Amino acid sequence: MTPTSTQCRETREVHPHRRDDETMSFDNASASLLRALVHAAPDGIFLVDRHQRIALFNPACEGLFGWSAREALGEDVATLIPDWRQQPALRSQVQARRRDGTTLTVTLATAASAADAASIVATVRERDITEQSRAERAIREADARVATLIQTVDNGVILTDRLGRIKTFNLACRRLFGYQADEVIDRHISMLAPAANADAIQSLLRRGNQADEHGRIGTVRGMTGLRRDGGTFPMELSAGTTVQDGEPVFVVAIQDLTDRKHTEERLAQAQKMEIVGQLSGGIAHDFNNLLTVIVGNAEFLADQLKARQDLRGLACEISRAGQRGAELTQRLLAFSRRQTLKPVAVDCNELVSSMHDLLRRTLREDIVIDIAFGAELCAAFADPAQLESAILNLSLNAQDAMLGGGRLSITTANVTLDASYQSLNQDVRPGDYVLIAITDNGSGMSKEVLDRVFEPFYTTKEVGKGSGLGLSMVYGFVKQSNGHVSLYSEPGLGTTVRLYLPAVAAGRPTGPERPDSVERLASRGEVVLIVEDDPFVRSYAVMCLRSLGYGVIAASDGAGALQTLDDDTHFDILFTDVVMPGGISGWELAETASRRRPDLRVLLTSGYALETIAGRSHGREHLAILTKPYRKADLARKLREVVESSPPAAICREC
Ligand SMILES: Nc1ncnc2c1ncn2[C@@H]1O[C@H](COP(=O)(O)OP(=O)(O)OP(=O)(O)O)[C@@H](O)[C@H]1O
Ligand SMILES: [Mg+2]
């Protein structure tokens, strides 16, 4: 009931004493004045009789307490002021009760009634109304700000009581853990982590008394979050403590580390591949020098031993083993992105189509080969021979995964990898690519296998069946070609390997490079200056060159070669190693020599050819390179190519 309109009923109990006729008019006047004052007073005024009942209740009281005077009169004063009987002070702040049950703090002043000492007149005023409401509003606003902050932050935030029972569970937590707030409120926070993490959470909460001056307790890393569906995720917990309504509460912030962990794993994987690449590249380089000597000398021996077929057979064995070794080091170099690539614009549809017969002959009959060509396919910028080798390797892997037969599909398409793809695969440059996808419906791979397949020598095949270099080579080749490889595999269902090769900008000529058809040709009397720091390789090369009819001058480093230049000694061809000690590389030597003798032909050789890899070879692609290990036939063919080509017109320093 709302307070009724005020009446002067309250003055009923005020008894003006009539003494005589003279004073009566004064008394009447003062009584009505008093009545008016009480009626109009901004403070609440009430009178409590000796029986502790309310005997007067002015309009301000009605506004303050919500009772009408009619309702209040005759009621026990404790209805208004529960502690009335314990109020010793005449003027004090006390808790009062409104009609609707809410409480308010009032300033209460009392005095004995002049008319009846047993009655008490009381004035009440709501305490510092403006100050209090301002403070309350500030608190309400601060609370609202904190609540909004808690709900809008990306991190999970949980407030618990001192026992760890959840009291607030923000929106981010709902997303992270999959619970609605009402499913977790009042339950212990340790429900959000597997049992193994419960101790860590408990001990974090036990450290509540060790909080710093900002209330921070500490952070626990390496925790695991447990979702409603039983799934888990890596998380970090930071806890702090504060006080709410006089009770300690814990604030727990939760950071989902899933993305960070993926990034770290990808980074670690990339670093591992880089290190293994450097290591294997270095080993392969040194092995190439050794193999050059082994294979070359074995061939030479075999040539010389025509009369001793038994020994000639042994020499041929050495040569074959050396060549197998050379193939392995070649794959290692491919993995470490240090093989010599000759990228050209390749029509991948044509290349895949031309491989069909080879694949049909190579793969078992129970493998169905499906090829689907993408329409209007762009040319890809890649080394066609290496691309064929990659496709063959992947097809063989597919066959091995389809022991009972199956389907091998090779498809091509134009694709654009955009920035969003890059955000998942940071080493991918956004742009246009030609995609070659090789899919099988074989055994597929588990996550453990998938994580390691690109590592060199990682194989699940029995000894002798696989070297574990197939995918490493594919990986290195595609990376070196500025492309990207992705693997998708489902155990039991199959695997798709996608090769993304950079698409050639319009205008470049297309079509795979024509394979060499140079025959072994002897010298026409030219002189070769050979520069090679490895004495074994040098003497092998000298032997080969002489047997091919070339005149030979040998130098063991760049300085020796420059000396020969200074001496004006005649030679037609400079045949130099690229990486040499002594501060002058094969490139620099070639540049200097070509400047001095513009007619000079140059042939470079290297265990790896960093300088010629795609992207770094700008301006130098036209220079001939012979990769180690090389055989006499390779050397003879390459030298003829060089002699018959035009001289290296522009070896530019800036390149
Ligand atoms: N298509 C595939 N399906 C299932 N597993 C595969 C597939 N391709 C590769 N693998 C797995 O990856 C491993 C590594 O493959 P990779 O081609 O590098 O080496 P390999 O085939 O074992 O030996 P290599 O190719 O040198 O003869 C394989 O041993 C196999 O376990
Ligand atoms: Mg393989």
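Details of the structure are given in the entry above.
In this report, we go over the structure that sits alongside the text. (Residues numbered from 1 in each chain as written. Chains lettered and ligands numbered in written order. Predicted model: local features only at pLDDT ≥ 70, side-chain atom pairs only at ≥ 80, totals over all residues. Heavy atoms only, no water.)

**Here's the deal with the site of ligand 1**
What counts here: Nearness here has a simple test: a residue counts as near a molecule or strand if at least one of its heavy atoms is within 4 Å of that partner. We define a polar contact as two N or O atoms separated by no more than 3.5 Å, with the added condition that, inside protein, one atom must be a possible hydrogen donor and the other a possible acceptor, whereas residues neighbouring each other in sequence contribute only through side-chain atom pairs. The way it works is that DSSP assigns letters per residue, a run of H or I at least four long becomes a helix, a run of E at least two long becomes a strand, and they are numbered from the N terminus. Residues are grouped as follows: nonpolar covers Ala, Val, Leu, Ile, Met, Phe, Trp, Tyr, Cys and Pro; charged covers Asp, Glu, Lys and Arg; every other residue, Gly included, is treated as polar.
Around ligand 1 lies a shell of 20 residues, among which Asn 397, Thr 459, Thr 460, Lys 461 and Ser 467 are the nearest. Arg 331 is positioned with one of its side-chain polar atoms (N or O) 3.3 Å from an oxygen atom of ligand 1. Between ligand 1 and Lys 461 there is a distance of 2.5 Å, counted from an oxygen atom to a side-chain nitrogen or oxygen. The element best represented in the shell around ligand 1 is helix H11 (residues 384-401), accounting for 3 residues. Residues of the shell around ligand 1, tallied by class, amount to 7 nonpolar, 10 polar and 3 charged.

**With respect to the packing of aromatic side chains**
Where we set the bar: Pairing of aromatic rings covers Phe, Tyr and the six-membered ring of Trp, with a centre-to-centre limit of 6.5 Å; geometry is then stacked below 30 degrees between planes, edge-to-face above 60, and tilted otherwise. For every residue, the accessible area obtained with a 1.4 Å probe (protein chains only) is divided by the maximum for its type, and the residue is called buried under 20%, exposed over 50%, and partly exposed between those limits.
Applying the stated criterion to the full structure yields 9 aromatic pairs. A centroid spacing of 5.8 Å and a plane angle of 50° characterise the contact between Phe 46 and Trp 84, whose relative ring orientation is tilted. Taken together, the residues Phe 46 in strand S1 (residues 44-48) and Trp 84 in the loop between helix H3 (69-72) and strand S3 (91-97) connect sequence positions 38 residues apart. Across the pair, exposure class does not vary: Phe 46 and Trp 84 are buried alike. Seen from their ring centres, Phe 454 and Tyr 475 are 4.9 Å apart, and the 35° between their planes marks the pair as tilted. Taken as a pair, Phe 454 in the loop between helix H13 (447-452) and helix H14 (470-480) and Tyr 475 in helix H14 lie far apart in primary sequence, 21 residues in all. Residue classification places Tyr 475 among the buried residues on the basis of a relative accessible area of 11%. Here a set of aromatic residues connected by ring pairs shows up, and it is made of Phe 169, Phe 177 and Phe 233.

**A short note on a nonpolar patch on the surface**
Note the threshold: Each patch is built from residues that are more than 30% exposed by relative accessible area and take part in no salt bridge. Like charges join if they lie within 9 Å; nonpolar side chains (Val, Leu, Ile, Met, Phe, Trp, Tyr) join within 5 Å. Using a 1.4 Å probe, the Shrake-Rupley method yields the accessible areas, and only the shown protein chains count as cover for residues. When a carboxyl oxygen of Asp or Glu lies within 4 Å of a side-chain nitrogen of Lys or Arg, that pair is called a salt bridge.
On the surface, Leu 33, Leu 34 and Leu 37 cluster together into a nonpolar patch covering about 310 Å² of accessible area. Note that Leu 37 resides in helix H1 (residues 21-40).

**Some points on the sheet that holds strand S9 (residues 232-244)**
Basically, it comes down to this: The pairing criterion is simple: DSSP has to find at least two bridges between the two strands. Axis definition: a line fitted to C-alpha atoms, over the contacting stretch in the case of helices. Angles run 0 to 180 degrees between N-to-C directions. Pairs of residues are marked as contacts when any of their non-hydrogen atoms sit within 4.5 Å.
Read across the sheet, 5 strands follow the order S7-S6-S10-S9-S8 without closing on themselves; strand pairing throughout is antiparallel. Both edges of this open sheet fall to strand S7 (166-169) and strand S8 (216-226), since each of them pairs with a single strand only. If you compare each strand with its neighbour and ignore which way they point, the axes differ by 25° on average. The strands that helix H7 (residues 198-206) touches are S8, S9 and strand S10 (247-256); relative to S8, the one it contacts most, it runs at about 165°. Along the sheet face, helix H8 (residues 258-304) touches S9 and S10 and points at about 135° away from the line of S9.

**Thoughts on helix H10 (residues 348-362)**
Note: α-helices contain 3.6 residues per turn, so residues at a spacing of three or four share the same orientation. Threshold: By this rule, a helix spans an expected 1.5 Å times one less than how many residues it contains. The angle between axes fitted to the seven-residue stretch ending at a residue and the seven-residue stretch beginning at it gives the bend at that residue.
With 15 residues, H10 ought to run about 21 Å at 1.5 Å a step, and its terminal C-alpha atoms sit 20 Å apart, in line with that. Bending of H10 peaks at approximately 35° at the position of His 356. Restricting attention to buried positions, one finds in H10 the residues Cys 348, Asn 349, Leu 351, Val 352, Met 355 and Leu 359. Looking at the buried side of H10, the elements it contacts are strand S11 (344-346), strand S12 (367-372), strand S13 (380-382), H11, strand S14 (406-417) and strand S15 (431-440).

**Focus on the pattern of salt bridges**
Tallied over the entire structure, the rule returns 25 salt bridges. The salt bridge involving Lys 465 is made with Glu 462; its shortest N-O contact spans 3.7 Å. Accessibility assignment for this pair places Lys 465 and Glu 462 in one class, exposed. Two residues, Glu 526 and Arg 640, come together in a salt bridge whose shortest N-O distance is 3.2 Å. Taken as a pair, Glu 526 in the loop between strand S17 (494-502) and strand S18 (527-531) and Arg 640 in helix H18 (residues 632-644) lie far apart in primary sequence, 114 residues in all. The class of Glu 526 is buried, set by a relative accessible area of 12%.

**Here's the deal with the side chain of Ser 523**
Note on placement: Ser 523 falls in the loop between S17 and S18. For Ser 523, a relative accessible area of 16% puts it in the buried group. Among the polar contacts listed, one links the side chain of Ser 523 to the backbone nitrogen of Gly 525, at a separation of 2.7 Å. One polar contact links Ser 523 to Glu 526, side chain to side chain, over a distance of 3.2 Å.

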